[in-house]
Each structure stands twice: as C-alpha cells, then as structure tokens.
Amino acid sequence: MKILRLRFKNINSFYGKSYTIDFTARPLSDSGLFIISGPTGAGKSTILDVITLALYNEVPRFEKGISKTEIDKLGSIVNARAAEEPKCEAFAEVEYEVRSGKYRAAWSISKNRNGNWNNYQMEISKLPEEILLEVKSLGDYPKKNAELIGLNFDQFVKSIILAQGSFAEFLKADRNTRTKLLEDITGTHIYRKLGEQSYERFKESAGQIRLKEAELKGVVLKTEAEVAELTERKIAQERLREKSEREVEKWEKERNLSNEQDKLRAAARKIEADQLRLTAELEAFSERREQLAAHESVSHLAAPLTKHRESERQLKRIEDEIASRGKQASRLVTEEAGLLESVSALIGQEVTGVDFIPAVDRFENEILGLELEIKEQRARAAPIDKAVRSEIAAANHAWAKGLSVSDYESSLQALSDRMAGLGATLSAYPANFDASERLKVLDADFETLSDLKARFQDRVRLGEEGKKLRDELARLSLMESQLQPELVASSARLATIKKNIEQKTDQWIRESTSQKLEVYRDNLREGEPCPLCGSPDHPYLTHYVNLATGLAKEIQDLKSELATVEIKEKRLVLEVDGGKKKAVELGERLNAMRSDYKQVDGVIRETVSKMGLGPEATADDLQHKLRSVQQEKAGIDSWVKGQEQVSLAARLKEGFTELMAVRNEVRRLDEEKKRRYSGNQIQQEARELRSKWENLITVREENNRQLVFRESELNETRREMEEVLSGLQAELQRTGLSSPEDAEKRIIPAAQYQKLKLEADRLLHQSQNLKLMAAENARMLTERTAARNFPELSTEEIERLYGDARQHFRNLLQEIASLQTLLQTELENRARFGLISNELAELQKEHRKWDLLRQYIGDASGNNFSGFAQSLTLQNLIGLANLRLQKLSDRYILDKPGNDSEGLYVLDTYHGNQARAVSTLSGGETFTVSLALALALSDLASRNVRIESLFIDEGFGTLDAETLESAVAILERLQDESSKTVGVISHRPEMKERIPVQIQVEKGIDGSSSVHVVG
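Residues numbered from 1 in each chain as written. Predicted model: local features only at pLDDT ≥ 70, side-chain atom pairs only at ≥ 80, totals over all residues. Heavy atoms only, no water.

Met 1, Leu 55 and Trp 107 are the most contacted members of the largest nonpolar core, which totals 97 residues. The element that contributes the greatest number of residues to this core is helix α25 (residues 923-941), accounting for 9 residues. (Core = buried A, V, L, I, M, F, W, Y, C linked by side-chain atoms within 4.5 Å. Buried < 20%, exposed > 50% of the residue type's maximum accessible area, 1.4 Å probe, protein only. Helix = DSSP H or I, 4+ residues; strand = E, 2+ residues; numbered from the N terminus.)

Put into structure tokens, the structure is as follows:
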C-alpha cells in the first residue's frame, strides 16, 4: 500500500484554505526519506490524522469513530474558527495505490442553513476513471477501504504509522509491564479477555451443575414394591367398582318406577280436580246456552232481516247521490269555459270544444319539431367537437395546444396560417416519398458506422498497449542481460569468501590450540632454555599475540562481507527470476493482443469495404460519414413531422368549419322556437291541457250516466224492499213473532254467536278428554306397580338406598382416580428423573471442557493466557525484529530471556555472542533496536500486504546529537534497502539539517497552521 496524495481543509489547526501534499510530485517523489517538521503543537500529527480520517473515519488519538456529535462535544477534528462560521465545511482526502489499482478515499462534513452540522459523508473513487464505488451505507466505507488495502484501522496504524518511542520503553520494561505494553502495541487484548471469559464460563458451568443436581434431588421416586402395591390396589378397586355400578343401576331403576308412581297418582288427583272445575263451568254457562238456543231458533231469518235493513240504507244513499250529481253538472260547465279560454291564448287562435285536442296536438308537434332540429344539430356537432378536442389534446405541437375550441373564427385563421407556413418544409421531398424505408436504411448504416467507430478505437488501443508491452519486454531483456554477469560475479565472490572464512577459521583454531601451552610461555625467561625444546630463544610469544588478533578481525570482516554479498545475491536472483516470469506473462499477453488486433483489423477492412469508404478510410472519414447520415435522418424527421402537422391542421380546419355551420343553424332554430313559445316544457304543458280536457269530458259523461243509473236503481230498490217485507211477514207469523223488530231482538252479532258456540264446543271437548285421561292414568299406574321389585318400600326409603349405593360408587371412583394419579405421577417423575440425569450428564460433559480450558488458560484476571500469548507474540516479534536488525546493524541479535521475569537481552556478535541487557545499550543502539521492533510490528500487522509508505512518529526528541546522526543514517539505510517511502515526524532542527526533503508545518500568529513542501 502506497500513499500518493493528500488534500485537506479546516482540519484541526489548519484553517481557511485547502492544502495538498503530493508524494508523486517533486521533491517528495525524488527522495524516499523526508521529514514532517515544525514546532510542538503546530499540527504535524494532523497530517497522519488526515490519512486515517479519510480512510476509516477514525484518528489514533480517539477511541471511536468521528460523528457530528463527537465534533460538537470534543471541539476537535474541525478547526475551531471554521466551526463558528455558518457555512463551514471541512474535508480530508487521500489517494492511495494497492494491487487492484489507484483509489481516492474522501471524508467531509458541512453545516446546514440552520447552522447545525450535517452528518459526515464518505466516498471512494476508482482512479483515474473517477468512478464512484457503490457502498451500501455510510458505516461500510471504512470496511470497503480495509478490504481494498488489506488492513483495518488498527492494522493500518501499526503497519504504516510507527510509534518508535513506545518500543524504546518496551525494551527496558519488566515482565508485567512488557506484557501490558505488548498488548497495547499489538492490540492483542483478546487473549486476556479469552482467559477471563473461559474462567467465567467455568464458574457458570459449575453453577449450572449445582442447580441441576439440586433439581435431581428434588425428584422423589417410589420403590418397585410400592408401585406394585399401588397397582394391585387399583385392580381390586376396579372389581368393586363394577359390582357397585350394578347396585346403583338396580336402585336407580326402582327409584325411577317409584317416582313415576308418585307422578301418576298426582296426575289422577289433578284430573279429578279438573273434572270438578269443569262441572262448575257448565253450570255457569247454562244462561248463555239459552241465549244461544234463542238465536239459533231465528237464525234462518237472519238473511231476510239483514236484506231488509240493507234495502232501507241503500234507498237513503241513492237519494243523496242523485242530489250531489246535479250540483256537479253545474260546476263542470264553468270549468269547460275556462279551459277553452286558456288554450286559445296559448295557441294564438280561438278554439272550440270540438277541435280542442287537435289544436293542442298541432301546436305541440310544431314546437317539438323545432326542438328536435336543434337537438339533431347539436348531436351532429358533438362528435365533431369531441374529435377536435381529442386531436388538440393528443397533439405534441404548441400551435395546436393554443387553438381555442370555442372561438371558431380565430382557430380557423390560425390553422390557415400554419398550413401556409409548413409549405417550405414539405417541398424538400416529393409527396409520394417513402420516409420509413429510407429511415430503416439510414438506421442500419448508423448502427454499422457506430460499431465501426468502436472497432477503430479498439484497434488504436490494442496498438498502443502492444507497443507498451514490447517496450516492457525489451526493458526486461536488457535488465536480465545487465544483472546476469553481476549475479555470476556475486556467486563467485560468495564461494571465495566462504572458502577464505573456512581457511581462516581452521588457522584460528590451530592457533587457539596453542593457547593450552600458555602456562609454559608465562614461565619463559629471556636467555633461559625452554623446558620443552631447550632453546634459549622464544620468538613465538609476540608472533602468537599478533597472529590471533589479526585472524579474528579477518574472520569477522569476511563474515560481514559474506552477509552483504548473500543479501545482494538473493536480491539479484529475485530480480532475475521475477523479470523472467514477468517476461513470460507479457509475451503471452502480447500474443493474445496480436490475435485480437488482427481480428479487429479484419472486421474493420470488411466493414469499410461494405460501406464504400475505401481501404484507407480514417477515423475522420468515418466521423464525416456518421454526421452525413445523422443530417439526412434529421431532414427526413422534419419532413415527416411537417406532413403530420399539415394533416392535423387540415383535419382541425374541417372540424372547425363544420362546428361553425352547426352553431349558426342552432341559433336560427332557437330564435324561431322562442318567437312561438316562451316556455321550456311544451310536452308537459300540452299533456296537462289534454289531460284536463279529457278528464273534464270523462267526468261530465260519467256524471250524466250516473244520474240515469241512480234513478233506475232507486226504483228497483223500492220494488225489492216491498218484496222482502211481504215474505218476511209470513215467516214471522209461523214463528209466533209479530214484527221484524221482535225477530232482530233474538239475533245476536255474528262475532258473539261464534264466541258462544266455541265456548260450548270447548266445554264438551274438555269433558270427553278428562274421561280419557283418567282411564289412561289408571292403566299406567297399574303397570308401574306390577314392575317394581320392592313395592313394600316407600319412596323415601328407596331414595336413601339409591343415595347410599351412589355414594359408595363415587368413593370407589375417587379411590381409583387417586391411585391412578399416584401411578401417573410416578411415571412422570421417572421420566423427569431420566431427563434431568441426561441434562446433568451433558452439563458435566460440557463442564469438563471448560474445566480443561480453565486449567490451561483461565483465571479471574486473564493473566495466564495473556502471558502465554504474549510470549508467543514476543517470540514472533523478536524473530521478525532480528531480520530487520540484521539489515540495520550486524552487531546485535535480540534475544528473549530464559526467565520471563527478566528483561530483554541482545547478543553482541562482536564479542562472541555475549549476552547483554538492553539497558546497557547506548542511545543510538537503543534507537536501532527499537526501530527494528517497530518495523517488525509493521511486518506482523501487514503479513499479506506490501507496505510502501511508512511514517515514524516519536522517539527522536531524547537523542543526543551523535545518536541522532546515527538514527538518520539508519533511516537512510532502511529506505535504500526497502525502497519504501519513509516519513519522519520530528521538531528537532538537527533532523531538518540532515534530511533535505521536508514537509514544513508552520504556526501563524493567529494560531492557524500552514504546510509547505521544500527540498
């Protein structure tokens, strides 16, 4: 991952203007090592905040993501002066390069019109296309950047922003402090939490087992003997229940028969009482029975008597009606005269009774004819008006939309003007021109030409990309030819150095063996003979000291050179092999590209020939042809639209002309109608007049007819009345009555007669029923008495015996139910006991896992697992640090102490791998080792990500001038060997003098900061 460019505005102490730091532009692109310098508090670390804010919406100094609430609460991130402005905006952008390409990540926030913060916004763009990546939600942008880079926020901070000063503290810490620092530096607090949680899960599991064991103890089970005893008791009670049930049935039957006897006896008593009551009713009805008999003695005269009464009433009614009809005849004559006068005034001519109806009909038909003509004219105009309105509504032309559907004259004038104006457009093509066929041909040509244009672009692109691949292959070939001799020379030099080291080491060993005779050499005196060889001369003493010291230095120099040459050889091998592999890949891509180019070129030649452009046609020729086709299509489209407008205008003109003619005719007919008839309802008025006349004639004729009829009816009624009276007198004499009035006194009203007759019939029917019921009741009582088994027992005794039997049966049922409940409860308890036992076994099985985890990693504080995990992390970190340290210095090897309670050690290779405590290192040596640890953490956090940009923050302020010089030299060596871009954050002036390329952060007198790149 490589940082390419930064842009930011109104972040922390930077106010007002937008700042850009471009690592791809000079001087930053020319130097791999630069310094971010400035006084304390100027805003040097803000540059690092810009990077993490744009990528992850986080900054290392805060514990969680940034939101508008956090900005208000903390008063940070956004510049304080800018935050007071009503239209404040702040942003941070970073452009970076990863394996998948180049991207721009952006973070921004602004205020709304109310002066409140909007929520922050983020976006990610693919470069150089400037294509925004689709991300579902705001919270997913940091995840998307992490996915592209391969590092989340914590990994990014540990991999790219190195806090070297933390490792200087880490080197000299004791075990507990070192573990805590390692957790903070590597972010591996999870192991402590795992240890704590495993212990908590062990305690929770043990508690669950205790609860389950207590639950199991709460389940009480019976013995098999107790269960067998309960079963036998239940079977015995079942047998007794069957016997008791039969006893209940026996006494229940006897009880039912006894109850029925009591009911029958009660019924007999009731029948006897009913008979006594009926006798009393018959005696009370005797007087009304005589009245009924008197009525029945003259009932045969009821019809003549009724007819005589009706004749008298009818005679009086007929006389009254004849008088009324005479009065009505006079009134009808007056109404006829008034109606004739009204019709004459309506029609405008005198009307007599003979021609009243024809005159009214003629006038009505004339007015209706005028109304029908008006209606027909309007009906004729309706579809025309609808068609015109539909045409205007469906039209897509402003001139059509502006036509008035009520002002026919102005619309006709506008249509004439429009048709005249379209004449020039229509003259471009003949009237019989087939536009659709020509457009199909032009569309096909346009599609072919557009495809051909894309093919031209593909051919150019393939040519350019092919040239780039050929140039790259040539560069790789040249690089291999240059590196191969260097690789051969390095291999030869390695062999020579190894051989020299072997020879010098053998020689040094031989000389060291001579050291065993040191005790003899110490006793040698000049001029005295050697006790071993007897020689008085002793030249070897001085020679040995000089030779051993020289050999040791030569071996050490050879080893240093060996390490350097080995590193160089590995680098050369990697470069040569990488170049070959890349050359093969590029060759395959070039062959595929040549095939694509040939195919595209063939298609272009074939299409160019087909379109008649000529084999040497260029992209400009093709563009000219496309424009020609487009221009012809546009002309045809205009002609077609003109034809459509003329056709529309002609149809509308015809419609408006017809509408205007209909309107004039309707006006003429309406004036004629109003002249002859001022009303609006001629049919209703004529119908009312005819109805009145017809009613008058009908009523007059009916009145005259009724007068004749009633006079005839009067004579007939008088004759019939005399005949009825003559016959009635004879019947009255035979029955011993003197007059019709005496007979009518015996006659009772029909309703009263019917009521008395029904009452007499009821008393007779009830007497007969009571006799039948008494006989049936006596029969049933005899049958029930014969059916009883214990007739000598009373109802109370039977009821008592039945109750005792039933209670005994219920007691047996309760006993059986109780035994059944005990047995069922035992079954449920056994099932529950088995279920709880299984659950307890599962809990114990699970508990053994947590117990095992507790034994290995668990404790209340989490120290056990954290210490173990940090020891592994430390071991891995020391291994990676030594790889880095080997490149920074060949003298020291960092070593983990054998006892965890001790501090860290380094092995001094210059003194035979002598172990030294890191506290004995000088300031420069401490910086070297701590920097190696910081780089190792970067390697650890970015295992699968290539890191090409590093920022080293902290650790330079306490170094003296000499150590600071050594630190800068180490940083230069780091940059040279790794090809990384390394940025150092420091306020030390010596660093500024030593590192020429600088990002200078300056603080103004108003407290705002600014940034400049120099070098």
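Now that the structure has been shown, we can carry on.
Bringing the environment of Ala 337 into the picture now. Checked against the element boundaries, Ala 337 lands in helix α11 (residues 302-347). Exposure remark for Ala 337: the relative accessible area of 47% places this residue in the partly exposed category. Separated by 15 residues in the primary sequence, Ala 337 and Thr 352 have C-alpha atoms spaced 9.5 Å apart.

Bridge count for strand β3 (residues 33-37) against strand β14 (residues 998-1003) is 3 bridges, and the pairing is parallel. Counted as the bridge partner of Ser 37 is Gln 1000 from β14. Pairing of β14 with strand β15 (residues 1009-1014) involves 6 bridges; the strand directions are antiparallel. Bridge assignment links Ile 999 to a residue of β15, and that residue is Val 1013. Remark: 5 residues form the turn of the hairpin made by β14 and β15, two consecutive strands paired antiparallel; Gly 1007 in that turn has positive phi of roughly 90 degrees. (Pairing = 2+ DSSP bridges.)

Before going further, it helps to examine the pattern of salt bridges. For the structure shown, the criterion picks out 65 salt bridges. One salt bridge in this structure joins Lys 270 and Asp 274, with 3.2 Å as the shortest N-O distance. In this pair, Lys 270 and Asp 274 are both assigned in helix α9 (residues 224-284), 4 residues apart and thus about one turn of the helix distant. On the basis of relative accessibility, which here comes to 53%, the residue Lys 270 falls in the exposed class. When its relative accessible area of 15% is taken as the criterion, Asp 274 is described as buried. A salt bridge links Arg 854 to Asp 851, with the shortest nitrogen-to-oxygen separation between them at 2.6 Å. With Arg 854 and Asp 851 both in helix α23 (residues 795-856) and 3 residues apart, this pair spans about one turn of that helix. Among the ionic contacts, a cluster of salt bridges with common partners joins Lys 270, Asp 274, Arg 277, Glu 281, Glu 759 and Arg 762. (Salt bridge = Lys/Arg side-chain N within 4 Å of Asp/Glu carboxyl O.)

In any sheet, the strands associate via hydrogen bonds between backbone groups, in a parallel or an antiparallel arrangement. Taking strand neighbours across the sheet as the criterion, the 3 strands line up as β9-β10-β11 in an open arrangement whose pairing is antiparallel. Two strands lie at the open edges of the sheet, namely β9 (892-895) and β11 (914-917), each paired on one side alone. The sheet shows a mean angle of 35 degrees between the axes of neighbouring strands, direction not considered. The pairing of β9 with strand β10 (residues 905-908) spans 4 bridges and is classified as antiparallel. Along β10, the bridge assignment pairs Asp 895 with Tyr 905. (Axes fitted to C-alpha atoms, helices over the stretch in contact; angles between N-to-C directions.)

On to the packing of helix α1 (residues 44-56) against helix α4 (residues 141-149), then. It is at 7 Å that the axes of α1 and α4 come closest, and there the two elements cross at 105 degrees. With respect to α4, the axis of α1 lies roughly perpendicular. Across the interface between the two elements, Ala 54, Leu 55 and Tyr 56 from α1 touch Tyr 141, Pro 142, Asn 145, Ala 146 and Ile 149 from α4. Across the contact of α1 with α4, the residue classes break down as 7 nonpolar, 1 polar and no charged. (Parallel < 35°, antiparallel > 145°, perpendicular 65-115°, else oblique. Contact = heavy atoms within 4.5 Å. Nonpolar A, V, L, I, M, F, W, Y, C, P; charged D, E, K, R; others polar.)

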